[in-house]
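Breakdown of the fold
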Amino acid sequence: MVDKVKVKERESTLEELREVNDDLRLPSVPEKVSFPIDVVTPEARTQTPAVGQRASRPDGRMHGLGQTKYIDDMSFPGMIYAKIKRAGVAKARIKKIDLSEAEKMPGVMATLIGSEIPVNSFGPSYQDQPIIADKLIYHAGDPVAAVAATTEQLAADALEKIKIEYEQLEPIFDPIEAMKESAPEVHPGQGNIYSSKIIQKGDVDKGFKDSYRTYENTFSTQMVEHVPMEPHASIAEWDANGRVIIHSSLGRITLGRADIARTLDMPINRIRVVATVVGGNFGGKNEITTEPILALLSRKTGRPVKGIYTREDEFMSSTTRHPFIMDYKTGVSEEGKIISRKVRLVCDGGAYCSWSETTLGKACILSAGPYNIENLYVEAYAVYTNKTMTGAMRGFGAPQVCFAYESHMDDIARDLDIDPLQIRRINAFHEGSASPTGQVLQSVVVKDSLDVAADRFGWEEWQK
Amino acid sequence: MIRKGKGIGCMWYPIGFTVAANPSAATVKVNEDGTATLLTGTVETGQGSLTVLGQIAAEELGISTEDVHVVSADTDATPMDTGAIASRTTYVTGNAIKLAAEKAKEILFEVAAPMLNVKPSQLEAADRKVQVKGFPQRFLPIDEVALQAQFVQGQPPIGSASYNPPTVDMDPETGQGKPFSTYVYATQIAEVEVDDETGDVNVTYMAAAHDCGTAINPMLVEGQIQGGISMGIGFALQEEMLFDEKGVQINPNLTNYIMPTSLDMPDIDVDIVENFDPTGPFGAKGVGEPTAVPTAAAICNAIYDAVGVRITSLPATAEKVLALIKEKNEKDIKQLSPAE
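**Structural notes on the overall build of chain B**
Each helix and strand counted, chain B has 6 helices and 11 strands in total. Its C-alpha atoms give chain B a radius of gyration of 26 Å, clearly above 20 Å, the size a compact globule of 340 residues would have. Dimensions of chain B, computed from the C-alpha atoms along their principal axes, are close to 100 × 45 × 45 Å. Residue burial in chain B is summarised as follows: out of 340 residues, 59% are buried. Within chain B, contacts between residues at least 6 apart in sequence are counted, and of these 71% link residues at least 24 apart. Both charge centroids of chain B, one from 22 positive and one from 45 negative side chains, sit 5 Å from each other.

So, in structure tokens, the structure goes:
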């Protein structure tokens, strides 16, 4: 009985507190939140068969309530913060890095430069990218040093105290210029064209001769960023057995772990990579970025180290979508059937290869469009320039070539006075079509997709 | 004056890596109450992949999505996966999960067969039951079978499997080969309004018809398509990283790098084109990347239809569109003037 009274008393006090008394200006007490909140399971999740159901996502409720824990929401005892100094020059030789002023600052616990990284290179196709630039700067967003401090602000302030002397070198930014023999080399001794692809099918020259008309145009696209809502983020922490745990926003943890092991020169089984729910990837989080830096800063200090990219870091030093320059020449019959096509693709590969090799390959194969073309010749080049590196991004070169082949298609249709929908129907792949690489295609529904979209849009009835 | 136009963008896109191996492995454990736990090394990057993968495991085991808990993305606990890249998760990881679930199911069938007095090959899993094919009245609840398997037969129903899409090397001189296991196809049609006095382009409507094989979860497919279109609009009209003459980016912030917001989004109608790919899990392929592919093409073709100018370099900013309109008008006037 006594207990009950006590509880009652306390409840009434809380109730009073909750009512804001203007005279006393008592703080209001927030609503009590208890977990787990009763979860209403939508029917689509409980039904069988499961395939085809509009089942809601288990993380949807967390997102809705703002309860999802991203890396930046995570904290560990004693955790410190890392920031990265960017070069700010597009091409240079590092003459001297003076960290003394930064290291003297109270709160700064460790610094790191490229020469301290056991294996200072990485990359999915070619290992041409340093974790921290140690000799040469290849683009303005290159990291040159890292600082770990007790607060983010202190770490950012310490970056200002780092003094770096550069010997400026001649940069090159235009991919077409960079292809010339006389162009300065981005990676000395390597040549600027670092990947090329060819697809050849039939005889294009004969095809052009047999064509009713031929059309030519050049298309180009720009560099864009993924802009995920959550920037690149990681936390590294060592345990007493010499294992490092890395919480990361990586989208490919298995291969990321292998890259981290290589750069740290450690056995793979001593590294644990844990990914959280990633706040947007779009291809930009397919490679390691700061993970080895944070791991080394954590080993130096014995503290968990968190590193979150600023939006500026995200733009300047993460991968981007490749700018393409695309030359198209197409020969068609009087009825609008494509007889022959020649394509030349130049992809501005930025300072490092990253996923350019793959992007170039996919763009090359896809550049003919979803159309039956008997005579096809595609040549494609990836070129180094002293710009932010380009890499994986939703579509791997496909949005670029699609913009070109579809714009080109409409130009042809207009000139021949054929409806744009019709010219695509005439040329579209069908079940069993051979792709530009000679692959027999299955489950092909190009025409169906054209018809469904045209019906939905009301293509025939539509009026200006 | 506001001028309206319509334009088509049609595309094809492959699933998985170009020739290179990109395997996924998975483990499916059926618990003693008939629920299941799925271990996968892929990462949820916001697209809802874990939900789809759970649905694939559930379908194979004849249980519901709610009965499957997905554990993902911890290199100490989950098996190898090439990751959330190349629109491969539903197809490649999905196939691995289907195979792993099949192995766990085989153990359930072995245990259930003598209980039902039939051969394991005569059994199927559906509606949380292990039942006789063609005679569904003869069944056992899956929890009963799972409990029997684990605690009586001592055979916990666990399955692990991996999948790698079959490819054929490309010839280095002609590029001939089979670089991908399968492809998806799509068409987007845009309606735009172009102000011919300012060059401003407003996308007012998009019809998007996408093939993804079987849509494991139509709602998530629609979400992907809507997201892809927003990315495509940015690529078509607004976004561009700009550098000064020294190679330093001049707009590394969201004030000067303009992205589409919800207010820039047109009305979108999404259609999922009916299809079934025999090599995919339950006929599924993928949908992630292709959604962002044909949007810019459709928009630029619609601009051409509206004002008769061909955009050859992206993005089609108002400045660029207006300059092209002016150029065209001058040319048209010249053509009207009498020949000398």
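From this point, things continue past the structure.
**Description of the interface of chain A and chain B**
Counting residues at the interface gives 114 residues for chain A and 123 residues for chain B. Between chain A and chain B, the buried area comes to about 9400 Å², and carbon and sulfur atoms account for 60% of it. Our enumeration of links across chain A and chain B arrives at 10 salt bridges. The shortest N-O distance in the salt bridge between aspartate 305 of chain B and lysine 464 of chain A comes to 3.8 Å. Applying the counting rule to chain A against chain B returns 57 residue pairs in polar contact (both at pLDDT 80 or more).

**Topic: empty space enclosed by the protein**
All names here are of chain A. Summed over all chains, the structure comprises 3 cavities of 30 Å³ or more. Approximately 180 Å³ is the volume found for the largest cavity. Taken together, 22 residues form the lining of the largest cavity, with Gln129, Thr289, Tyr309, Ser317 and Met389 sitting closest to its centre. The class makeup of the residues in the lining of the largest cavity is 9 nonpolar, 10 polar and 3 charged. For the lining of the largest cavity, the two domains that each supply at least three residues are domain 1 (77-168) and domain 3 (233-317).

**Points about the packing of aromatic side chains**
Using the criterion set out here, one finds 16 aromatic pairs over all chains in the structure. Considering the side-chain rings of phenylalanine 219 of chain A and phenylalanine 403 of chain A, the 5.8 Å spacing of their centres and the 80 degrees angle between planes classify their relative orientation as edge-to-face. Here phenylalanine 219 of chain A, found in strand E8 (residues 213-220), pairs with phenylalanine 403 of chain A, found in helix H12 (residues 398-416); they are 184 residues apart in sequence, far enough to count as distant. Across the pair, phenylalanine 403 of chain A and phenylalanine 219 of chain A agree in class, each one buried. On the basis of an interplanar angle of 50 degrees and a centroid distance of 6.2 Å, the ring pair of phenylalanine 457 of chain A and tryptophan 459 of chain A is categorised as tilted. Residues phenylalanine 457 of chain A and tryptophan 459 of chain A agree in their burial class; the two are buried. Members of the aromatic cluster, joined through ring pairs, are Phe429 of chain A together with Trp12, Phe180 and Tyr183 of chain B. The ring of phenylalanine 208 of chain A has lysine 329 of chain A sitting right over it, with the charged end atom 4.3 Å from the ring centre. Above the plane of the ring of phenylalanine 282 of chain B lies lysine 98 of chain B, whose end atom (NZ or CZ) is 5.0 Å from the centre.

**Observations concerning the confidence of the model for chain A**
Atom-level detail of predicted coordinates should not be read off regions where pLDDT is low. For chain A, per-residue confidence averages 93 on the pLDDT scale, and residues scoring 70 or more make up 92% of the total. Below pLDDT 50 for its whole length, residues 1-5 of chain A participates in 0 contacts with residues either more than four positions away or in separate chains.

**Quick notes on the pattern of salt bridges**
Counted under the stated rule, the structure contains 37 salt bridges over all chains. Between glutamate 222 of chain B and arginine 54 of chain A there is a salt bridge; the shortest N-O distance is 2.7 Å. One end of the pair, glutamate 222 of chain B, is in helix H4 (residues 218-238); the other, arginine 54 of chain A, is in the loop between helix H2 (43-46) and helix H3 (60-65), on a second chain. The salt bridge involving aspartate 332 of chain B is made with lysine 328 of chain B; its shortest N-O contact spans 3.3 Å. Taken together, the positions of aspartate 332 of chain B and lysine 328 of chain B, both in helix H6 (residues 318-336) and 4 residues apart, correspond to about one turn of that helix. One salt-bridge network, held together by shared partners, links Arg243 and Arg272 of chain A together with Asp74 and Asp76 of chain B.

**Remarks on helix H5 (residues 295-307) of chain B**
Residues and elements named next belong to chain B. With 13 residues, H5 ought to run about 18 Å at 1.5 Å a step, and its terminal C-alpha atoms sit 18 Å apart, in line with that. Most of H5 sits inside the fold, with 13 of its 13 residues counted as buried. In the segment just after H5, glycine 308 is the residue with positive phi, at about 75 degrees.

**Quick look at the domain arrangement of chain A**
Residue and element names in this part refer to chain A. When its domains are assigned, chain A resolves into domain 1 (77-168), domain 2 (175-224 + 320-457) and domain 3 (233-317). Here domain 2 and domain 3 have C-alpha centroids that lie 36 Å from each other. If you look at where domain 2 meets domain 3, you find 2 residue pairs in polar contact (both at pLDDT 80 or more). Within the side of domain 2 that touches domain 3, the residues separate by chemical class into 4 nonpolar, 3 polar and 1 charged.

**A word on the layout of surface pockets**
Volume-wise, the second largest pocket comes out at about 980 Å³. Taken together, 36 residues line the second largest pocket, and the ones lying closest to its centre are Arg57, Pro58, Asp59 and Met62 of chain A together with His69 of chain B. Put simply, the parts of the chain that give the lining of the second largest pocket at least two residues each are H3 and strand E11 (271-275) of chain A together with helix H1 (49-61) and strand E4 (68-72) of chain B. No other element matches the 5 residues that E4 of chain B contributes to the lining of the second largest pocket. Here the lining of the second largest pocket is built from residues that sort into 18 nonpolar, 11 polar and 7 charged.

**Notes on unusual backbone geometry**
The omega torsion of the bond from threonine 48 of chain A to proline 49 of chain A falls at -5 degrees, within 30 degrees of zero and hence cis. Tracing the chain through its elements places proline 49 of chain A in the loop between H2 and H3. Of note, the bond from leucine 314 of chain B into proline 315 of chain B is cis; its omega dihedral lies within 30 degrees of zero at -5 degrees. Tracing the backbone through its elements, the reader meets proline 315 of chain B in the loop between H5 and H6. At serine 443 of chain A, a residue that is not glycine, the phi angle is positive and equals roughly 45 degrees. Its location among the elements puts serine 443 of chain A in the loop between helix H13 (420-427) and helix H14 (446-457).

**Some remarks on the environment of serine 195 of chain A**
Residues and elements named next belong to chain A. Checked against the element boundaries, serine 195 lands in strand E7 (residues 193-201). For the pair serine 195 and leucine 154, spaced 41 residues apart in the sequence, the C-alpha separation amounts to 43 Å. Setting aside residues no more than four positions away along its own chain, serine 195 makes contact with Tyr126, Glu357, Leu360, Ala380, Tyr381 and Ala382.

**Here we look at the sheet that holds strand E12 (residues 305-308) of chain A**
Residue and element names in this part refer to chain A. With mixed pairing, the 7 strands of this open sheet are ordered in space as E3-E5-E1-E12-E9-E10-E11. A strand with exactly one partner marks an edge of an open sheet, and here the two such strands are strand E3 (108-113) and E11. Along the sheet, successive strands turn relative to each other by an average axial angle of 20 degrees, direction set aside. Two strands pair when backbone bridges link them, and E3 and strand E5 (residues 143-149) are joined in this way by 5 bridges, in the antiparallel orientation. For alanine 110, the partnering residue across the bridge sits in E5 and is alanine 148. The strands touched by helix H5 (residues 152-161) within the sheet are strand E1 (80-86), E3 and E5, with E1 carrying the most contacts at an inclination of about 25 degrees.

**Quick word on the sheet that holds strand E7 (residues 135-141) of chain B**
All names here are of chain B. As summarised here, the arrangement of the 3 strands in space is E5-E6-E7, forming an open sheet in which the pairing is antiparallel. Whereas interior strands pair on both sides, the edge strands pair on one side only; in this sheet they are strand E5 (123-126) and E7. Put simply, the sheet's adjacent strands are angled 35 degrees from each other on average, direction ignored. Strands E5, strand E6 (129-132) and E7 of the sheet are contacted by helix H2 (residues 89-116), whose axis makes an angle of about 115 degrees with E5. Running over the sheet, helix H3 (residues 142-152) touches E6 and E7 and is turned about 50 degrees from E7.

How each quantity is defined
- Residues numbered from 1 in each chain as written.
- Chains lettered and ligands numbered in written order.
- Predicted model: local features only at pLDDT ≥ 70, side-chain atom pairs only at ≥ 80, totals over all residues.
- Heavy atoms only, no water.
- Helix = DSSP H or I, 4+ residues; strand = E, 2+ residues; numbered from the N terminus.
- Rg over C-alpha atoms; globule rule 2.2 N^0.38 Å.
- Buried < 20%, exposed > 50% of the residue type's maximum accessible area, 1.4 Å probe, protein only.
- Contact = heavy atoms within 4.5 Å.
- Lys, Arg positive; Asp, Glu negative; His and termini not counted.
- Charge placed at Lys NZ, Arg CZ, Asp CG, Glu CD.
- Buried area = accessible area lost by both parts, 1.4 Å probe.
- Salt bridge = Lys/Arg side-chain N within 4 Å of Asp/Glu carboxyl O.
- Polar contact = N/O pair within 3.5 Å; in protein donor to acceptor, adjacent residues only side chain to side chain.
- 1 Å grid on protein atoms, 1.4 Å probe; cavity = no way out; pocket = protein on both sides within 12 Å on 5 of 7 lines; lining within 4 Å.
- Points joined across faces, edges and corners; volume = space filled by probe spheres on them.
- Nonpolar A, V, L, I, M, F, W, Y, C, P; charged D, E, K, R; others polar.
- Domains from an automatic or database assignment.
- Phe/Tyr/Trp six-rings, centres within 6.5 Å; stacked < 30°, edge-to-face > 60°.
- Lys NZ or Arg CZ within 6 Å of the ring centre and 35° of its normal.
- pLDDT = per-residue confidence, 0-100.
- Expected span 1.5 Å × (residues − 1).
- Pairing = 2+ DSSP bridges.
- Axes fitted to C-alpha atoms, helices over the stretch in contact; angles between N-to-C directions.

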